[in-house]
Amino acid sequence: MNDLPHRPADTATPRRLPDQGPITLRHAGESFLNELARQAQLPKSTYYRSLLASLAQYLGPDAPLLAYTKLTGEAWRTTLHAAEQPEAQTFLAEFREYLRTFGWFDAARPVNQFD
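The written sequence of each chain sets the order in which its residues are numbered from 1. Two thresholds apply to this predicted model, a pLDDT of at least 70 for residue-level local features and 80 or more for giving and counting side-chain atom pairs, whereas whole-chain, interface and lining totals are computed over all residues. Side-chain figures throughout are based on the complete set of non-hydrogen atoms in the structure, without hydrogens or water.

Peer 1: Looking at this model, I keep getting lost on the overall build of the protein. Mind explaining?
Peer 2: Only DSSP runs of H or I covering at least 4 residues are called helices, and only runs of E covering at least 2 are called strands; the numbering of each starts at the N terminus. Tallying secondary structure elements over the protein gives five helices and zero strands in all. Each helix and strand of the protein, placed in order from N terminus to C terminus, yields the pattern α-α-α-α-α. Exposure categories follow from relative accessible area, calculated using a 1.4 Å probe and restricted to protein chains: below 20% of the type maximum is buried, above 50% is exposed, and the middle band is partly exposed. Taking all 115 residues of the protein together, 39% fall into the buried category. Note on definitions: a residue-residue contact is assigned when non-hydrogen atoms from the two residues lie within 4.5 Å. The contacts of the protein with a sequence gap of at least 6 include a subset with a gap of at least 24, amounting to 66%.

So this is what it looks like as structure tokens:
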């Protein structure tokens, strides 16, 4: 996912944190889709929205972001039809890169909670 800009080193938080409570997959997913739309990748954003909805359904309503791991992503991918799996793999790789690049995983970990 080389299209995403690199996060500035002095920025320690994701682009859009929820006001309170744990960071959910939905919060991070919406930010990811907004970033794709900002980059004028609307067809990809539309398709990835459906994959993200499927992943969220698999993990459960209001799943915390940390419920999404490489293993849970792979388990979800194998539930899809064989024809969808390669595109789902690309989605998972791009989504994880976004989450790492923009600090979503770091912000979701309890040790990084703000005082």
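Peer 1: It is not clear to me how the nonpolar core should be interpreted in this structure. Could you clarify?
Peer 2: A general feature of soluble globular proteins is that nonpolar side chains tend to end up buried together. As used here, the term nonpolar core means buried Ala, Val, Leu, Ile, Met, Phe, Trp, Tyr and Cys residues forming a set that is joined through side-chain atoms within 4.5 Å. Core analysis: the largest hydrophobic core is formed by 25 residues, its most contacted members being Leu65, Phe91, Phe95 and Leu99. Residue contributions to this core peak at six residues, all from helix H4 (residues 85-101).

Peer 1: What is the right way to read unusual backbone geometry from this model?
Peer 2: Negative phi is the rule for most residues except glycine; trans is the rule for most peptide bonds. Of note in the backbone geometry, alanine 40 takes a positive phi value of approximately 60° without being a glycine. Relative to the helices and strands, alanine 40 resides in the loop between helix H1 (25-38) and helix H2 (42-59). Here alanine 40 falls in the exposed class, since its relative accessible area comes to 64%. Here aspartate 62, not a glycine, exhibits a phi torsion of approximately 55°, which is positive. The residue aspartate 62 is located in the loop between H2 and helix H3 (70-77) in this model.

Peer 1: I keep staring at the packing of H2 against H3 and nothing clicks. Help me out?
Peer 2: The relative placement of two packed helices is expressed as an angle between their axes plus a distance between the axes. Closest axis-to-axis distance for the H2/H3 pair is 10 Å, and the angle between their directions is 105°. With respect to their mutual orientation, H2 and H3 come out roughly perpendicular. Contacts from Leu51, Ser54, Leu55, Tyr58 and Leu59 of H2 reach H3 at Thr72, Ala75 and Trp76. Only Asp, Glu, Lys and Arg are considered charged in this grouping, and only Ala, Val, Leu, Ile, Met, Phe, Trp, Tyr, Cys and Pro are considered nonpolar; every other residue, Gly among them, is considered polar. Across the contact of H2 with H3, the residue classes tally to six nonpolar, two polar and no charged. Helix axes use the C-alpha atoms of the stretch in contact, all axes being lines fitted to C-alpha atoms, and the angles between their N-to-C directions lie in the range 0 to 180 degrees. Should an angle fall under 35 degrees it is taken as roughly parallel, and over 145 as roughly antiparallel, whereas 65 to 115 is taken as roughly perpendicular and any remaining angle as oblique.

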